[in-house]
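As a plain string of letters, each chain reads:
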Amino acid sequence: KFKAKMNREEIWKRNDLMPKDTFFNLPAEKRERIMEAAIDEFATHNFHQARVTAIADQAGIAKGSFYQYFEDKMDLYKYLMDLLVQKKMSYLNQDVVKNRDKYDFFQLLREVFISGIRFAMENPRLLPIGVMLANDKALYHEIYGEYQDTSADFFRNLLEYGKEQGALDPAIDLELTATMLVG
């Protein structure tokens, strides 16, 4: 099951849009049912084809109740994407994150990609959501505009570390390479 465990304060720090207070006041089981229904709908339909009615029906809530919890479908989608990013980040080896200096560049890069592969293998229901989002450039930019900058910064710092270690050509274009790694 996919846990909807983020609290309002954590979301406020990350997003302008967020579920309404009424969503967070629901019992955890009902929040999880709504998020599971959203995952099922967005895994089988792209954002534009996904239907709030289908999500509400599967979650066992009235369509009107959906709008008591979220402003609109985009509000739910952004919240779901935020939860997915957090879940994916939890797959990173925490020792690598905390003790970066004891690893060489290629060990760090390998761990980043292995954690992404492990996430995809252990969460196959989530993979189609990411693929459909990646294929919709306008939606991707709307959802991940702020994350894309964070991801590029992450890879830029990693590449700089590789240059400092002498593992990479000093002439490498950090901006271009970081952008390519982000996708």
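Each value, and the rule that gives it
Residues numbered from 1 in each chain as written. Predicted model: local features only at pLDDT ≥ 70, side-chain atom pairs only at ≥ 80, totals over all residues. Heavy atoms only, no water. Salt bridge = Lys/Arg side-chain N within 4 Å of Asp/Glu carboxyl O. Helix = DSSP H or I, 4+ residues; strand = E, 2+ residues; numbered from the N terminus. Buried < 20%, exposed > 50% of the residue type's maximum accessible area, 1.4 Å probe, protein only. Lys, Arg positive; Asp, Glu negative; His and termini not counted. Polar contact = N/O pair within 3.5 Å; in protein donor to acceptor, adjacent residues only side chain to side chain. Contact = heavy atoms within 4.5 Å. Axes fitted to C-alpha atoms, helices over the stretch in contact; angles between N-to-C directions. Parallel < 35°, antiparallel > 145°, perpendicular 65-115°, else oblique. Left-handed = near helix turned anticlockwise from the far one by under 90°. Nonpolar A, V, L, I, M, F, W, Y, C, P; charged D, E, K, R; others polar. Core = buried A, V, L, I, M, F, W, Y, C linked by side-chain atoms within 4.5 Å. pLDDT = per-residue confidence, 0-100. Phe/Tyr/Trp six-rings, centres within 6.5 Å; stacked < 30°, edge-to-face > 60°. Lys NZ or Arg CZ within 6 Å of the ring centre and 35° of its normal.

1. Points about the pattern of salt bridges
Item 1. Scanning all chains against the criterion turns up eight salt bridges.
Item 2. The residue Arg125 makes a salt bridge to Asp40 at a minimum N-O spacing of 2.8 Å. Of the two residues, Arg125 is situated in the loop between α8 (105-122) and α9 (127-134) and Asp40 in helix α3 (residues 28-44); the sequence distance between them amounts to 85 residues.
Item 3. By relative accessible area, which is 28% here, Asp40 ends up partly exposed.
Item 4. In this structure, Asp153 and Arg156 form a salt bridge, with 2.3 Å as the shortest nitrogen-oxygen distance. Highlighted residues: Asp153 and Arg156, both in helix α10 (residues 137-165), separated by three residues, approximately one helical turn.
Item 5. For Asp153, a relative accessible area of 37% puts it in the partly exposed group.
Item 6. Taken together, the salt bridges that share partners define one network made up of Glu36, Asp40 and Arg125.

2. Looking at the side chain of Lys73
Item 1. Mapped onto the fold, Lys73 is located in helix α6 (residues 73-89).
Item 2. Of the buried charged residues, Lys73 lacks a salt bridge, with Glu41 as the closest side chain of opposite charge at 7.5 Å.
Item 3. Within polar-contact distance, the side chain of Lys73 engages the backbone oxygen of Phe47 at 2.7 Å.
Item 4. Side-chain polar atoms of Lys73 contact the backbone oxygen of Ala50, separated by 2.9 Å.
Item 5. For Lys73, the residues in contact, after removing those within four places along its chain, are Phe42, Phe47, His48, Ala50, Val52 and Phe66.

3. A short note on the packing of α3 against α9
Packed helix pairs are characterised by how far apart their axes lie and by the angle those axes make with each other.
Item 1. Running from amino to carboxyl end, α3 crosses α9 at an angle of 50°, the nearest separation of the two axes being 8 Å. Judged on the interaxial angle alone, α9 and α3 are oblique. Two packed elements cross with a definite hand, and for α3 against α9 that hand is left-handed. Between α3 and α9, the contacting residues are Ile39, Phe42, Ala43 and Thr44 on the first element and Pro128, Ile129 and Met132 on the second.
Item 2. Grouping the amino acids of the contact of α3 with α9 by side-chain chemistry returns six nonpolar, one polar and no charged.

4. Topic: the nonpolar core
Item 1. Ranked by size, the top nonpolar core spans 39 residues in total, and within it Phe23, Phe42, Phe70, Tyr77, Leu80, Met81 and Ile129 carry the most contacts.
Item 2. Contributing elements (two or more residues each) for this core: α2 (21-24), α3, α4 (52-59), α5 (63-69), α6, α9 and α10.
Item 3. Among the elements that make up this core, the one with the highest residue count is α6 (nine residues).
Item 4. Other than its neighbours up to four places away in sequence, Tyr77 contacts Phe42, Phe47, Ile129, Leu133, Leu139 and Ile143.
Item 5. Judged by nonpolar contacts, the second largest core, of 16 residues, contains Tyr103, Phe105, Ala152 and Phe155.

5. Thoughts on the confidence of the model for the chain
Item 1. Of the residues in the chain, 88% reach a pLDDT of 70 or more, and the chain-wide mean stands at 87.
Item 2. When mean pLDDT is taken per element in the chain, α4 scores highest with 98 and helix α1 (residues 8-14) scores lowest with 45.

6. Remarks on the environment of Gln94
Item 1. In this structure, Gln94 sits in helix α7 (residues 94-98).
Item 2. On the basis of relative accessibility, which here comes to 39%, the residue Gln94 falls in the partly exposed class.
Item 3. A polar side-chain atom of Gln94 sits 3.0 Å from the main-chain carbonyl oxygen of Leu92.

7. Details of the packing of aromatic side chains
Item 1. One pass over the structure, following the stated rule, counts 15 aromatic pairs.
Item 2. Residues Phe47 and Tyr77 carry aromatic rings whose centres are separated by 5.0 Å and whose planes lie at 55° to one another, so their mutual orientation is tilted. With Phe47 in the loop between α3 and α4 and Tyr77 in helix α6, the pair connects residues that are 30 residues apart, well separated along the chain.
Item 3. Clustering of aromatic rings is evident, with ring pairs tying together Phe23, Phe24, Phe66, Tyr67, Tyr69, Phe70 and Tyr79.
Item 4. The ring centre of Phe47 lies 4.6 Å from the NZ or CZ of Lys73, which sits over that ring.

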